[in-house]
Amino acid sequence: MGSQTLQILRQGVWAALSGGWYYDPHQATFVNALHLYLWLFLLGLPFTLYMALPSSMIIVAVYCPVIAAVFIVLKMVNYRLHRALDAGEVVDRSANEFKDQRAKAEQGNCSIRRKDSNGPSDPGGGIEMSEFIREATPPVGCSSRNSYAGLDPSNQIGSGSSRLGTATTIKGDTDTAKTSDDISLSLGQSSSLCKEGSEEQGKFSSTLYETGGCDMSLVNFEPAARRASNICDTDSHVSSSTSVRFYPHDVLSLPQIRLNRLLTIDTDLLEQQDIDLSPDLAATYGPTEDAAQKVKHYYRFWILPQLWIGINFDRLTLLSLFDRNREILENVLAVILAILVAFLGSILLIQGFFRDIWVFQFCLVIASCQYSLLKSVQPDSSSPRHGHNRIIAYSRPVYFCLCCGLIWLLDYGSRNLTTTKFKLYGITFTNPLVLISARDLVIVFTLCFPIVFFVGLLPQVNTFVMYLCEQLDIHIFGGNATTSLLAALYSFICSIVAVALLYGLCYGALKDSWDGQHIPVLFSVFCGLLVAISYHLSRQSSDPSVLFSLMQSKIFPKTEEKNPEDPLSEVKDPLPEKLRNSISERLQSDLVVCIVIGVLYFAIHVSTVFTVLQPALKYVLYALVGFVGFVTHYVLPQVRKQLPWHCFSHPLLKTVEYNQYEVQNAATVMWFEKLHVWLLFMEKNIIYPLIVLNELSSSAETIASPKKLDTELGALMITIAGLKLLRSSFSSPTYQYVTVVFTVLFFKIDYEAFSETMLLDLFFMSIIFNKLWELLYKLQFVYTYIAPWQITWGSAFHAFAQPFAVPHSAMLFVQAAVSAFFSTPLNPFLGSAIFITSYVRPVKFWERDYNTKRVDHSNTRLASQLDRNPGSDDNNLNSIFYEHLTRSLQHSLCGDLLLGRWGNYSTGDCFILASDYLNALVHLIEIGNGLVTFQLRGLEFRGTYCQQREVEAITEGVEEDEGFCCCEPGHVPHVLSFNAAFSQRWLAWEVIVTKYILEGYSITDNSAASMLQVFDLRKVLTTYYVKGIIYYVTTSSKLEEWLANETMQEGLRLYADRNYVDVDPTFNPNIDEDYDHRLAGISRESFCVIYLNWIEYCSSRRAKPLDVDKDSSLVTLCYGLCVLGRRALGTASHHMSSNLESFLYGLHALFKGDFRISSIRDEWIFADMELLRKVVVPGIRMSIKLHQDHFTSSDEYDDPTVLYEAIVSHEKNLVIAHEGDPAWRSAVLANSPSLLALRHVMDDGTNEYKVIMLNRRYLSFRVIKVNKECVRGLWAGQQQELVFLRNRNPERGSIQNAKQALRNMINSSCDQPIGYPIFVSPLTTSYSDSHEQLKGILGGPISLGNIRNFIVSTWHRLRKGCGAGCNSGGNIEDSDTGGGTSCISNNAPIANDPHSTVSQGSIGNTGRGSGAGLHPPVTAYPPTLGTSHSTHSVQSGLVRQSPARASVASQSSYCYSSRHSSLRMSTTGFVPCRRSSTSQISLRNLPSSIQSRLSMVNQMEPSGQSGMACVHHGLPSSSSSSQSIPACKHHTLVGFLGTDGGQSSSAPDAPPGNTLSPANNAHAKKGEVIYRVQIVDPSQILDGINLSKRKELQWPDEGIRLKAGRNSWKDWSPQEGMEGHVIHRWVPCSRDPGTRSHIDKTVLLVQIDDKYVTVVETGVLELGAEV
């Protein structure tokens, strides 16, 4: 503890005060001395120059070049030294040898070695690899990260050679040493020097400093030829050398080096990008008998091409001297910043801003800023990460330059003020005194830099830039919070561009003439554009990445080439495409809505309504916004809370699901939710824009007057204020009504004299109120955290700090006010009652974009998957549920917030979702108009003790509390007791709702050990395993190919013998049902006795059944596969299947696909590995599910039919995969209804197997809103404690449970390694357009395509309604269904029509039949009628075709052969329609024009088609002279007039398989044309109408009635987007009871696959007729 405290004081406190310099006792004297003298030089140089020289530019001229020269030299030498260490030229010399090194380097034998090295195959001067003694330090640079070696064409390795061959390479005698395990590289030219006696010889060595070492597989070792001149006497432990030649021209490229590093180094090192993990390279040889022979290490540093010096330190020493700048740009930036600090500091010194002792203090600040560029404070108090932070080194000089520049500008402005005065609220901002006061404040702040950086009040530079852009965008331009530095810059630039575009219009309008009753039209144009642009900006996300991706996909579309052999090629994340589609829909909607809004508000403004109706209009608007805001944002959220006003014990407005124990469906939309949506819509889209336009109209002239801000500045303020107020009201109107009402009361009643027009008052008060809300949250957090009666002391320090915090309450309030002004967290120091202010942070809070990387088979090596089973801990496997929860929230969160289901919300709010096992913190970051960006942090399923106590606190009810102080008198019904109400007010959180419905997965886990404990249960599993293999092999499409494969048949020849028996010892009579006790194995005969019946049944279910007998090849294949599969299970179980643990191990190995073929008899499987992947693996997985079903009905699967159907059903509805398989994650994210897996958990000493079953259903969550300042403060405290103060105690007091603040849950949700969440989602954006219930209230996005569809559908509804209304005396149903017209083809070709091609069709019995009679007819239509164009023109004049409906309800007497989606009619594709029940109607009462047109149609019809005319049944005409309309033309008139005009008579039912022809006039039921529909509104489905006791509908068949509801659907449910065909219709007011609807809407009976769905017609989209 004491050493850690001293280390914190040295490296933390003192280094933060000095800028990075501190005394390190672990470093050499040279390092500490250099640091001290360098720091004194940087401190004394400016102070000496200031004291010695006159205050003039001479100081600047001397100081800046000296600093520049020093920094250039130091940075260049540091960079070159690191490069030299990377090259790895290490020279070992004895102390007495170093003096003679240059003379010995020029000996004659160097030329011999150079000649030997530069042979024909050694063009560049080879370098040898030698083996050294074990005690030698591994050199730095040989790792794949730093090695620059490469393979030459002759399989030798090349590297850079030295310019002077002075190193010695000594080869030991091979007879004196045989083995050595340590290898190091010798770099340089292969010249060597011999030393007499036993002196140690020099070596070259590359540097090896990272764990993992070199990838020696790239090195080709060859014994080097021993040379007589190179053999010397050495110690006995030096072994024979193994040399490898390196060549400088074959250097590995940087990508190859990185690839080598990925392949050879532990994966944990890949995360350490900014940390040098070098071991101590200063180790030397152990003590020898002669101290004079001690070996020293030197690094060769090249000064000139022919000149080098020896550097007597290694990489660790260099890193302790100076920070490493990896890139040249970093070095250049450091030099520029050092020069800029020197220049600005010297300028301020000579201008006399500092006097006396403050000159020395300012020089100290300069020295600390410059020294941090050489050796920064690590870790800094504002560093957000562990380890070396490269960015933090630039913080001090950047902030110093900003402050110095600000000081100079303020001083310059105070001395050069213009005559123009800028005055607001009585403060003259152009007063020199104001600017001088601001300058002095910045000077004091600059002098306090050591204290500021020690406390950590300033963040690193990138965080500050993001914070600054975000704060300016929110408070000045009305923007939203941002998600990254790029997003902050993008959003800020967009706001600047918008202001620049609007400024010109505003300036031009203000230059125009104004009077009391006239506002320039240009200003009205400005107001319309202002509202439109504000609306568009409020609907756009700050993150431009999705928008850029959308643009790239439209401009440069990519064609993704899928590799069919890659199992991950089919796994595609649907979220990016969904986000792009949402962005595209919003942009298309904005294109229309912005134009409409702009024109609408321009028209309102230009109508002089804001001038004529004054002053009554503004008071009406103020009262309206106060009332609507109060009801929407206060009354409704309070009465919907779990504890309204913390007084009532239950919500006053309850949802349908509130009293349900288990929710089965999505949440029902309540009336108060609809009211909330409409009030919110009216408030932010109508009331607030009218208020802003009203204030613009009344305040613009005053603001732009010379008495206020003049025209130029006034136009800018008007534009900024209007943009800010409109954007903030569009994006987040929650607390806007409070601001408006308070501003009106304050400036209209209390202090009217101080008002600067209501526009500017609203602008500035909105900023002030934002800070006041933040201050309120901070004070609530502080008071609830330190309340004496509920404080929890997590450690002894907490008990010590509690009383000392009491006298500083006033200081705490000041701190809270300051932190609220700067939006900084107020964090408890070490979790105690002492609060300190942290550095400024954006709303996103965390600087790193950390999100969980799930470990599965897609990102781990195959060897680790088979051996260690990575990611087998519960936390990694359970993280997928939080990922699915994130996707569910992405779909519905924004809509639920707008529906008021989470209560009031604002930017930065934090909520906790608590369920049975899921506990997640949801952080709302960006809130826009119809969008929310959030981040979800999932906690452990089985949390710590502290977490469980806090989970209990948020889930327990307080309704039963009857306490009143210290007694229990009870409480009023439906009201909380006094104690409960009091305690709820002293919490930093509150329960918003207890039944928030969200789609998720319920988890069921069963112990596999208990399921397989008994031998009989293992036998059942093995039996299902064998049957599963037989099922998959017989249903495979490649079965014929396998049976014809000669290689496979050759391998199965042994199994084809009738008397064959496999006596492998892995088979067990206790497990294998077909075990032959007589033959002690599994014989073909015993196999056929048990499984032949199952093989025959599976074969019979094939489309082309195969012959199955005992000697067939199919039985042989099944027998061979089943033996192979069981042998693989035994092999994986280590041939110990009788042992439960071994059996489970083998079962899990096969489940995840680890099949190991160990017998030569099974090698025939290699002829086609699809047999393993598509047959055996699914067989073992399906057997586990069947084994589970066995417990519910043990004898049910004895019937082959039931078993077969069960497997088919499971294949369709169930995903069975290993949790490490990427397909598992893909299935979960794709909302698969059910999933099953076998999990092997090895955690905390446990080793158990579980069968995990997931079922998708609607989960119920408790939504708890947490004080956002509580979350930010606790997060900031944890970061400071773990990073800066280095507290590594896992049981530290700051994470102990505190129920009043949920301290443990909040601290656990921090980014790793500060917290320990099992899942942190990426920043995810939810759009309101994806919420179907919200779209049902407000409608979907308004785009050109949607407008067109709306107009078309409205026209058809009107036409159908008019047709029903105009039908006097006729049947309304006939008007709706076209009199039962059916489009049917004939068995024979049509006479006299050579172009007709008719195929056989069938007529389904839609009226009474069931089963096959309900399937749609398959019809082929002739492409043309052969009629003239005039005929079609007449027809197209009479017919109005529906865009998507091909049913008779909107068709003419002709049917299309293809679907049409617009109001166009094709001139081809018609076929005559038959009417099963038609009548003749009179044309006497029709208009003459219609009579002539119909007569012309009849005359132009070819006589050859008369055979196709429909048979006329019905009433005779009312007059003998009346003209009869052919039946096929009858509906043409209906389509034109909208009425049938006649009565249809019933006809007998047609047989199910009958067809109609001219000779066979079979009659069909009405509505014979069957068309397809798509479900668009699942809420319109009548899923219980079939079981209604009132029997509202008369069903066409009793069997259909029993199947048309949720009682028959079981787990299946109709979803949006499903398609089916209509087989029956119930129409309102129908005379036929069988087709009469019980409501005023048409009801459809739709068949979807084998399911029947009853749905209202408004809930489907008609796709066209069945073809």
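Here, the structure is the one placed above.
Residues numbered from 1 in each chain as written. Predicted model: local features only at pLDDT ≥ 70, side-chain atom pairs only at ≥ 80, totals over all residues. Heavy atoms only, no water.

(A) Examining helix 14 (residues 485-511) more closely. Here helix 14 spans 39 Å end to end across 27 residues, near enough to the 39 Å set by a 1.5 Å rise per residue. Every buried residue of helix 14 is listed here: Ala 487, Ala 488, Ser 491, Ser 495, Ala 498, Val 499, Leu 502, Cys 506, Ala 509 and Leu 510. (Helix = DSSP H or I, 4+ residues; strand = E, 2+ residues; numbered from the N terminus. Expected span 1.5 Å × (residues − 1). Buried < 20%, exposed > 50% of the residue type's maximum accessible area, 1.4 Å probe, protein only.)

(B) Quick peek at the packing of aromatic side chains. With the rule as written, the count across this model stands at 59 aromatic pairs. A centroid spacing of 6.1 Å and a plane angle of 50 degrees characterise the contact between Tyr 399 and Phe 453, whose relative ring orientation is tilted. Of this pair, Tyr 399 sits in helix 10 (residues 395-415) while Phe 453 sits in helix 12 (residues 449-455); the two residues are 54 residues apart in sequence, bridging distant segments of the chain. The same class applies to Tyr 399 as to Phe 453, namely buried. Taking the centre distance of 5.2 Å and the plane angle of 85 degrees together, the rings of Phe 449 and Phe 453 count as edge-to-face. With a gap of four residues between them, Phe 449 and Phe 453 both fall in helix 12, about one helical turn apart. Neither Phe 449 nor Phe 453 differs from the other in exposure class; each is buried. Taken together, the ring pairs in this structure connect Tyr 425, Phe 742, Phe 746, Phe 747, Tyr 751, Phe 754, Phe 763, Phe 764 and Phe 769 into an aromatic cluster. One cation-aromatic arrangement involves Arg 841 over Tyr 839; the distance from NZ or CZ to the ring centre is 3.9 Å. Across from the ring centre of Phe 1143, 5.8 Å away, lies the NZ or CZ of Arg 1018, which sits over that ring. (Phe/Tyr/Trp six-rings, centres within 6.5 Å; stacked < 30°, edge-to-face > 60°. Lys NZ or Arg CZ within 6 Å of the ring centre and 35° of its normal.)

(C) Looking closely at the packing of helix 2 (residues 29-52) against helix 3 (residues 57-87). The N-to-C vectors of helix 2 and helix 3 enclose an angle of 165 degrees; their axes lie 9 Å apart at closest approach. When the interaxial angle is binned, helix 2 and helix 3 end up roughly antiparallel. Crossing geometry of helix 2 relative to helix 3 is assigned as right-handed. Every residue of helix 3 that contacts helix 2 at Leu 38, Phe 41, Leu 42, Leu 45, Pro 46, Leu 49 and Tyr 50 is listed here: Ile 59, Val 62, Tyr 63, Val 66, Ile 67, Val 70, Phe 71 and Leu 74. When its residues are assigned to classes, the contact of helix 2 with helix 3 shows 15 nonpolar, no polar and no charged. (Axes fitted to C-alpha atoms, helices over the stretch in contact; angles between N-to-C directions. Parallel < 35°, antiparallel > 145°, perpendicular 65-115°, else oblique. Left-handed = near helix turned anticlockwise from the far one by under 90°. Contact = heavy atoms within 4.5 Å. Nonpolar A, V, L, I, M, F, W, Y, C, P; charged D, E, K, R; others polar.)

(D) Highlighting unusual backbone geometry. With an omega of -5 degrees, the peptide bond between Gln 378 and Pro 379 qualifies as cis. By secondary structure assignment, the location of Pro 379 is in the loop between helix 9 (357-372) and helix 10. The step from Gln 1312 to Pro 1313 runs through a cis peptide bond, and the omega angle for that step is 5 degrees. In this fold, Pro 1313 is placed in the loop between helix 42 (1303-1308) and strand 24 (1319-1320). The backbone of Ser 823 shows a phi angle near 60 degrees, a positive value even though the residue is not glycine. Looking at where Ser 823 falls in the secondary structure, it is placed in the loop between helix 25 (809-822) and strand 13 (826-828). What makes Ser 823 buried here is its relative accessible area of 7%. Unlike most non-glycine residues, Phe 845 shows phi in positive territory, near 75 degrees. Considering the arrangement of structural elements, one finds Phe 845 in the loop between strand 14 (835-837) and helix 26 (862-867).

(E) Molecular detail of the nonpolar core. In terms of nonpolar packing, the biggest core is built from 122 residues, with Leu 889, Trp 902, Leu 924, Phe 1087, Leu 1117, Leu 1121 and Trp 1164 touching the most fellow members. Ranked by the residues each element gives to this core, the list is headed by helix 36 (residues 1113-1132), at twelve residues. Setting aside chain neighbours within four positions, we find Leu 1121 in contact with Ile 1029, Val 1033, Trp 1164, Ile 1165, Leu 1171, Val 1175 and Val 1176. Of all hydrophobic cores here, the second largest spans 64 residues; its members include Leu 617, Tyr 688, Val 692 and Met 758. (Core = buried A, V, L, I, M, F, W, Y, C linked by side-chain atoms within 4.5 Å.)

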